[in-house]
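Summary of structural features
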Amino acid sequence: QLGGLRPEQLRELRRKRWSLPEGFSLASLEQTVRWLRDDLGIRDGRLRRMVVQDPDVLTHPLQTSKSMVLCLSEFGFTDAEVAGLVANWPLVVQCSRQYVESTMAWLLEIGVDRGKFANHFVAECFILFRLNLESLKTKERWLRDVGLAQPQIARVVTRYPKMFTFSLENNLKPKLELLKEHFAPEEVVSVITYMPHLFVSFPFGECERQVQELRRELQRPHGRF
């Protein structure tokens, strides 16, 4: 068994045509697998899914991976939460520690529930850890100016973190004007809070059609967000 991996895990790696990088020793691979399994507690199905999702985690410098785990622990994550975070999003150990520290601090500061990081949300918010922190804060300030309170901003980040990757001038601001044409100010806040994907993910023409359809739905009896 290569590096202590189970046969089914090896079969999945072969399907992905993954192989050890040249010069990387089997002993180093075994050490990483033991660390993931025995120290972090990522075992069986979770280990298999993680390895298949991102096999490069096996060959990432182990000391760097351990440093990132220490960084997460310093944010107050329990051992179980750290294990869940790494298992669901193995790329976290390959990120810049500086970016992870600053972005994680910002996410917790705006009120994102710490427990969210141990489930599917962490994989979706991966893109945020590759963005400039000032860009994230600029969009946070814009959402506040639109009228969203802090819990609503945290909800937007949790439901659709991709929103923070879109341009303010070319996407968010023009579509805000579109919403204002069809909804009262408090309804605009509700659309952005509860349906951020509708707000930003469609081209402008399609977004306009979706907004008009939503307006009609809300005008029907019992229509509400």
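Conventions we followed
Residues numbered from 1 in each chain as written. Predicted model: local features only at pLDDT ≥ 70, side-chain atom pairs only at ≥ 80, totals over all residues. Heavy atoms only, no water. Helix = DSSP H or I, 4+ residues; strand = E, 2+ residues; numbered from the N terminus. Buried < 20%, exposed > 50% of the residue type's maximum accessible area, 1.4 Å probe, protein only. Contact = heavy atoms within 4.5 Å. Areas by Shrake-Rupley, 256 points an atom, 1.4 Å probe, with all protein chains shown as cover. Salt bridge = Lys/Arg side-chain N within 4 Å of Asp/Glu carboxyl O. Phe/Tyr/Trp six-rings, centres within 6.5 Å; stacked < 30°, edge-to-face > 60°. Expected span 1.5 Å × (residues − 1). Polar contact = N/O pair within 3.5 Å; in protein donor to acceptor, adjacent residues only side chain to side chain. Axes fitted to C-alpha atoms, helices over the stretch in contact; angles between N-to-C directions. Nonpolar A, V, L, I, M, F, W, Y, C, P; charged D, E, K, R; others polar. pLDDT = per-residue confidence, 0-100. Parallel < 35°, antiparallel > 145°, perpendicular 65-115°, else oblique. Left-handed = near helix turned anticlockwise from the far one by under 90°.

**Thoughts on the overall build of the chain**
Regarding its fold elements, the chain presents 13 helices and 0 strands. Going from the N terminus to the C terminus, the chain shows its helices and strands as α-α-α-α-α-α-α-α-α-α-α-α-α. Among the 225 residues that make up the chain, the fraction classed as buried is 43%. At a minimum sequence separation of 6, the contacts of the chain that also span at least 24 residues come to 75%. Summing over all exposed atoms, the chain offers an accessible surface of approximately 11600 Å²; the carbon and sulfur share of this is 48%.

**Considering the pattern of salt bridges**
Counted under the stated rule, the structure contains 7 salt bridges. The partner of Glu74 in a salt bridge is Arg97, with the nearest N and O atoms 3.0 Å apart. Taken as a pair, Glu74 in helix H4 (residues 62-74) and Arg97 in helix H6 (residues 97-109) lie far apart in primary sequence, 23 residues in all. Assessed through its relative accessible area of 53%, Glu74 is described here as exposed. Across the salt bridge formed by Arg141 and Glu134, the nearest N and O atoms sit 2.7 Å from each other. Where salt bridges share partners, they join Glu74, Arg97 and Glu101 into one cluster.

**Looking at the packing of aromatic side chains**
Summed over all chains, the structure comprises 2 aromatic pairs. Their ring planes at 70 degrees and their centres at 5.7 Å tell us that Trp106 and Phe164 sit as a pair that is edge-to-face. One end of the pair, Trp106, is in helix H6; the other, Phe164, is in the loop between helix H9 (150-159) and helix H10 (168-182), with 58 residues separating them in the sequence. A single burial state applies to Trp106 and to Phe164, both of which are buried.

**Some points on the environment of Gly84**
Note on placement: Gly84 falls in helix H5 (residues 79-88). For Gly84, a relative accessible area of 3% translates into the label buried. In this structure the C-alpha to C-alpha distance between Gly84 and Ile42, which are 42 residues apart in sequence, comes to 7.9 Å.

**Describing H10**
Taking 1.5 Å per residue as the helical rise, H10 with its 15 residues ought to reach 21 Å, and the 20 Å between its terminal C-alpha atoms agrees with that figure. Within H10 the residues assigned to the buried category are Leu168, Asn171, Leu172, Lys175, Leu176, Leu178 and Leu179. A side-chain oxygen of the first residue of H10 lies 3.3 Å from the backbone nitrogen of Glu169; this N-cap is Ser167.

**Re the packing of H9 against helix H11 (residues 185-194)**
The N-to-C vectors of H9 and H11 enclose an angle of 35 degrees; their axes lie 8 Å apart at closest approach. Judged by residue contacts, Gln152, Arg155, Val156 and Arg159 of H9 engage Val189, Ile192, Thr193 and Tyr194 from H11. Partitioned by chemical class, the residues of the contact of H9 with H11 number 4 nonpolar, 2 polar and 2 charged.

**A look at the side chain of Thr193**
Summarising the element assignment, Thr193 is placed in helix H11. Other than its neighbours up to four places away in sequence, Thr193 contacts Leu148, Gln152, Arg155, Val156 and Arg159.

**Regarding the confidence of the model for the chain**
Taken residue by residue, the chain gives an average pLDDT of 82. The fraction at 70 or more is 84%. Across the chain, helix H8 (residues 133-146) holds the top mean pLDDT of 95, while helix H7 (residues 121-124) sits lowest at 66.

**As for the packing of H8 against H10**
Put simply, H8 and H10 touch, their axes get as near as 13 Å, and they point 15 degrees apart. By the angle between their directions, the pair H8 and H10 is classed as roughly parallel. The handedness of the crossing between H8 and H10 is right-handed. Facing Thr138, Lys139, Trp142 and Val146 of H8, the residues of H10 in contact are Leu168, Leu172, Lys173 and Leu176. Tallied by class, the residues present in the contact of H8 with H10 amount to 5 nonpolar, 1 polar and 2 charged.

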